[in-house]
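In case you want the letters, here they are:
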Amino acid sequence: MTGQRTLTTRTTQSPAVPGAAYRNLVVATIGFAITFWAWNLIAPIATPLGEKLSLTSVQQSLMVAVPVLVGSLGRVPVGALTDRFGAKIMFPLVTALTIVPVLLLIVVKDSYPGLLVVGFVLGMGGTTFAIGVPLVNSWFPPERRGFAVGIFGAGMGGVALSGYFTPRIYKHGENLPFVVLAIALAVMAVLEYFLLCDHPDRVIPTTSLGRRLADAGRLRVTWELAALYAIGFGGIVAFGVYLPTYLKTWYGLSPTDAGTRAAGFALITVIFRPIGGWLSDRIHPAVVTSWALGVVGLMAVLQAFEPALVPGGTIFLLVMAAGLGTTSGSVFAMVARVTPPPKVGSVTGIVGAIGGLGGFVPPLVMGAVYSAKGSYAIGFMLLSDLALAGCVYAYGRMREAGRTRTAHETA
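This write-up is about the structure you can find in this document. Keep in mind it's a predicted model, so treat the numbers as computed, not measured.

### Some thoughts on the pattern of salt bridges
1) Next: One pass over the full model with this rule turns up five salt bridges.
2) Next: Taken together, the salt bridges that share partners define one network made up of Lys52, Asp110 and Glu174.

Structure follows, in structure tokens:
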């Protein structure tokens with residue numbers, strides 16, 4: 001009898017995951033990666049564009065930061081719209097619409113104001129994160145959501161794809177990266193339309209968009225998680241868009257070499273994001289977040305001393321990437337654990353937006369600091385301060401918040 005009860009309990013706790021769940025996870029992750037490539041399309045070629053247009057460091061930073069800002073803020077309404085209309089409609093729609101600004105870059109690539117305007121619209125590509133998280137979350141049981149959402153989050157490897165391939169394709173033709181990516185987006189939009197499906201038990205909210213966002217905004221945990229995600233994912237985005245410039249300016253690398261090394265940084269964040277989710281399924285996500293941010297803070301301090309790129313700078317930056325990737329995975333494991341299913345899209349939108357905004361400010365700060373001081377040390381020390389503050393808060397406050405909410409939902 002005891003064995004039977006144990007078997008029943010385990011079966012109840014670990015229901016079989018349908019094949020559709022894995023199909024949705026794979027398609028959504030690839031779609032997320034392609035749209036993230038589009039979101040980060042300007043950054044890897046910002047240096048040659050800046051030289052051609054004679055841009056200052058601050059102007060170049062603004063050019064790569066604008067898509068980050070719009071993609072971040074756009075996650076709020078897109079997440080709420082996903083709650084209402086489902087990922088089956090929203091994912092292919094946003095993917096297809098992203099083709100427009102990608103092709104418009106061909107027209108405006110020789111105009112700085114034009115690049116800012118089109119970059120504003122290009123930010124649309126960064127909103128698919130708020131579509132995929134509620135989709136994946138709905139298909140997997142609670143004890144597997146951390147890892148599943150972490151796998152989906154690995155789609156941010158689109159930043160690595162962009163960093164590696166965009167400058168190389170650009171060398172063969174200034175318009176070629178935009179054409180190649182537009183074709184990839186079109187193919188992906190068709191695949192998403194035919195292969196993605198919403199969970200049959202998906203709860204469709206009946207309240208207005210504004211009401212749903214207001215309800216999500218009233219949850220304290222929304223803003224706590226948003227702050228932690230702003231450090232973790234914001235750091236990833238910031239390095240994704242500014243690391244090529246930093247490596248070229250400070251270490252004198254060529255644009256191609258800088259893009260390659262930046263792609264390596266992004267790849268490490270991609271690998272460690274699902275690891276952060278996997279660890280969070282076994283350890284409290286707040287503990288994982290705390291340790292990961294502690295590592296980021298330490299590495300930022302060491303990098304602030306401006307070590308040689310090999311081996312010191314390379315080691316510090318790659319370990320920092322691992323910490324940031326782990327943090328982004330563990331924070332969203334917490335979102336999946338504590339958020340009621342009908343509000344996952346709205347909460348994801350707000351948390352994702354703040355996280356993306358966390359990546360908007362650092363490139364501007366780095367550009368301004370370097371212009372004023374001729375050094376990036378202050379920027380890295382600021383990152384260290386934020387990471388260590390997040391480390392303390394995650395361990396001291398979020399462990400209890402997670403236990404309280406989980407116990408409440410279980411009851």
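What follows picks up the thread again.
### Structural notes on the packing of aromatic side chains
1) Next: Per the stated rule, a full pass over the model turns up 14 aromatic pairs.
2) Next: Judged by centre distance (6.1 Å) and plane angle (25 degrees), the rings of Trp37 and Phe165 are stacked. Of this pair, Trp37 sits in helix α2 (residues 19-39) while Phe165 sits in helix α10 (residues 158-171), and the two are 128 residues apart along the sequence.
3) Next: Taking relative accessible area as the criterion, Phe165 reaches 35% and is therefore assigned partly exposed.
4) Next: An aromatic cluster is defined as three or more aromatic residues linked by ring pairs; in this entry it consists of Phe32, Phe36, Trp39, Phe129, Phe152, Tyr229 and Phe233.
5) Next: Lying across the ring of Phe85, Arg84 places its NZ or CZ 5.4 Å from the centre.

### Describing unusual backbone geometry
1) Next: Following Val310, the chain continues into Pro311 via a peptide bond in cis, with omega recorded as 0 degrees.
2) Next: By secondary structure assignment, the location of Pro311 is in helix α16 (residues 309-338).
3) Next: Positive phi, normally seen in glycine, also occurs at Ser54, with a value near 55 degrees.
4) Next: Note on placement: Ser54 falls in the loop between α3 (46-53) and α4 (57-73).
5) Next: Of the residues examined, Ser54 reaches a relative accessible area of 61% and is grouped as exposed.
6) Next: One non-glycine residue, Glu306, lies in the positive phi region at around 55 degrees.
7) Next: Inspection of the secondary structure puts Glu306 in the loop between α15 (285-304) and α16.
8) Next: A residue is classified by how much of its surface remains accessible, and Glu306, at 29% relative accessible area, is partly exposed.

### A word on a nonpolar patch on the surface
1) Next: On the surface, Leu176, Val179, Val180, Ile183, Val187, Val190, Leu191, Tyr193, Phe194 and Leu195 cluster together into a nonpolar patch covering about 880 Å² of accessible area.
2) Next: Take Leu191: its relative accessible area is 38%, and that puts it in the partly exposed class.

### With respect to the side chain of Thr82
1) Next: Relative to the helices and strands, Thr82 resides in helix α5 (residues 75-85).
2) Next: At a separation of 2.8 Å, a polar atom in the side chain of Thr82 contacts the main-chain carbonyl oxygen of Val78.

Criteria and thresholds
- Residues numbered from 1 in each chain as written.
- Predicted model: local features only at pLDDT ≥ 70, side-chain atom pairs only at ≥ 80, totals over all residues.
- Heavy atoms only, no water.
- Salt bridge = Lys/Arg side-chain N within 4 Å of Asp/Glu carboxyl O.
- Phe/Tyr/Trp six-rings, centres within 6.5 Å; stacked < 30°, edge-to-face > 60°.
- Helix = DSSP H or I, 4+ residues; strand = E, 2+ residues; numbered from the N terminus.
- Buried < 20%, exposed > 50% of the residue type's maximum accessible area, 1.4 Å probe, protein only.
- Lys NZ or Arg CZ within 6 Å of the ring centre and 35° of its normal.
- Patch = residues over 30% accessible without salt bridge, like charges linked within 9 Å, V, L, I, M, F, W, Y side chains within 5 Å.
- Areas by Shrake-Rupley, 256 points an atom, 1.4 Å probe, with all protein chains shown as cover.
- Polar contact = N/O pair within 3.5 Å; in protein donor to acceptor, adjacent residues only side chain to side chain.

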